[in-house]
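One letter stands for each residue in the lines below.
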Amino acid sequence: MSIKELRSQTGLSQSKFAAMFDIPVSTLKDWEQERRTPPAYVVNMIKKILELQGILIADNYIDSCESRRRSVERVLAILFTATNGPDETFMKVLDSYISGEITLKEMETRVDRLEYLGV
């Protein structure tokens, strides 16, 4: 990804973007107009800083959020079928999953043994 693409994704003007990273505006303009090429490590550091500040969202972050969302949906579906809905048992199991005390696989195993139904 080029500096121009990074700045464009932020929606910042050249002067604001340059000020954010303490880069002379003339240098930024030279990079964007390809009169000069920034070192690859500079581009990577700017991209990482933008991602860490939440200004730019990395593709792998979006993928990981989507994966987590699907996992939570699966957990909720399992819990709703194995309990009486959002009762005390449901909330305890959900808290255990969120805090990392149990995994999705462990929860599925317990459901298969009907542990959450009080049987």
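Our next topic: the overall build of the protein. When you go through the protein residue by residue, the secondary structure sums to 7 helices and 0 strands. Secondary structure elements in the protein, listed N-terminal to C-terminal, are α-α-α-α-α-α-α. The C-alpha radius of gyration computed for the protein amounts to 24 Å, which surpasses the reference 14 Å derived for 119 residues by more than 25%, pointing to a less compact arrangement than a globule. Once the C-alpha set of the protein is aligned to its principal axes, its extents read approximately 75 × 20 × 20 Å. Per-residue burial for the protein yields a buried fraction of 31% across its 119 residues. Across the protein, every contact between residues at least 6 apart in sequence was considered, and the portion connecting residues at least 24 apart equals 47%. Accessible surface, the protein as shown: approximately 8,100 Å² in total, 53% of it carbon and sulfur. The averaged location of the 18 negative side-chain charges in the protein is 6 Å from the averaged location of its 16 positive side-chain charges.

Right, let's talk about helix α1 (residues 3-10) for a bit. Because an α-helix packs 3.6 residues into every turn, residues spaced three or four apart end up facing the same way. Those residues of α1 that fall on the buried side of the exposure criterion are Ile3, Leu6, Arg7 and Thr10. One side of α1 holds all its buried residues, which, seen down the axis, span an arc of 95°. Buried residues in α1 make contact with α2 (14-20), α3 (25-32) and α4 (40-52). Phi turns positive, to about 80°, at Gly11, one or two residues after α1.

With that settled, consider the packing of α1 against α4. At a minimum axis distance of 10 Å, the contact between α1 and α4 shows a crossing angle of 15°. Taken together, the axes of α1 and α4 are roughly parallel relative to one another. As for the relative orientation of α1 and α4, their crossing is left-handed in sense. Along its contact with α1, which presents Ile3, Leu6 and Thr10, the element α4 presents Val43, Ile46, Lys47 and Leu50. Taken together, the residues of the contact of α1 with α4 sort by class into 5 nonpolar, 1 polar and 1 charged.

Right, let's get into the pattern of salt bridges. The full count for this structure, using the stated rule, is 5 salt bridges. The closest approach of N and O atoms between Lys92 and Glu88, which form a salt bridge, is 3.1 Å. Of this pair, Lys92 and Glu88 both sit in helix α6 (residues 88-98), separated by 4 residues, roughly a single helical turn. Overlapping salt bridges, with partners in common, bring together Asp30, Arg35 and Arg36 in one network.

So, about a nonpolar patch on the surface. A grouping of Tyr41, Met45 and Ile49 is seen on the molecular surface, where their side chains present a nonpolar patch of about 320 Å² in accessible area. Along the chain, Tyr41 turns up in helix α4.

A few words now on the side chain of Arg7. You can see Arg7 is positioned in helix α1. For Arg7, the contacting residues outside a window of four places in its chain are Leu12, Ser13, Gln14, Phe17, Leu28 and Glu32.

The share of residues in the protein with pLDDT of 70 or more is 92%, and the mean pLDDT across the chain is 83. Looking at the elements of the protein, mean pLDDT is at its lowest for helix α5 (residues 59-82), recorded as 74, and at its highest for α3, recorded as 96.

What counts, and where the lines are drawn
- Residues numbered from 1 in each chain as written.
- Predicted model: local features only at pLDDT ≥ 70, side-chain atom pairs only at ≥ 80, totals over all residues.
- Heavy atoms only, no water.
- Helix = DSSP H or I, 4+ residues; strand = E, 2+ residues; numbered from the N terminus.
- Rg over C-alpha atoms; globule rule 2.2 N^0.38 Å.
- Buried < 20%, exposed > 50% of the residue type's maximum accessible area, 1.4 Å probe, protein only.
- Contact = heavy atoms within 4.5 Å.
- Areas by Shrake-Rupley, 256 points an atom, 1.4 Å probe, with all protein chains shown as cover.
- Lys, Arg positive; Asp, Glu negative; His and termini not counted.
- Charge placed at Lys NZ, Arg CZ, Asp CG, Glu CD.
- Arc of directions from axis to C-beta.
- Axes fitted to C-alpha atoms, helices over the stretch in contact; angles between N-to-C directions.
- Parallel < 35°, antiparallel > 145°, perpendicular 65-115°, else oblique.
- Left-handed = near helix turned anticlockwise from the far one by under 90°.
- Nonpolar A, V, L, I, M, F, W, Y, C, P; charged D, E, K, R; others polar.
- Salt bridge = Lys/Arg side-chain N within 4 Å of Asp/Glu carboxyl O.
- Patch = residues over 30% accessible without salt bridge, like charges linked within 9 Å, V, L, I, M, F, W, Y side chains within 5 Å.
- pLDDT = per-residue confidence, 0-100.

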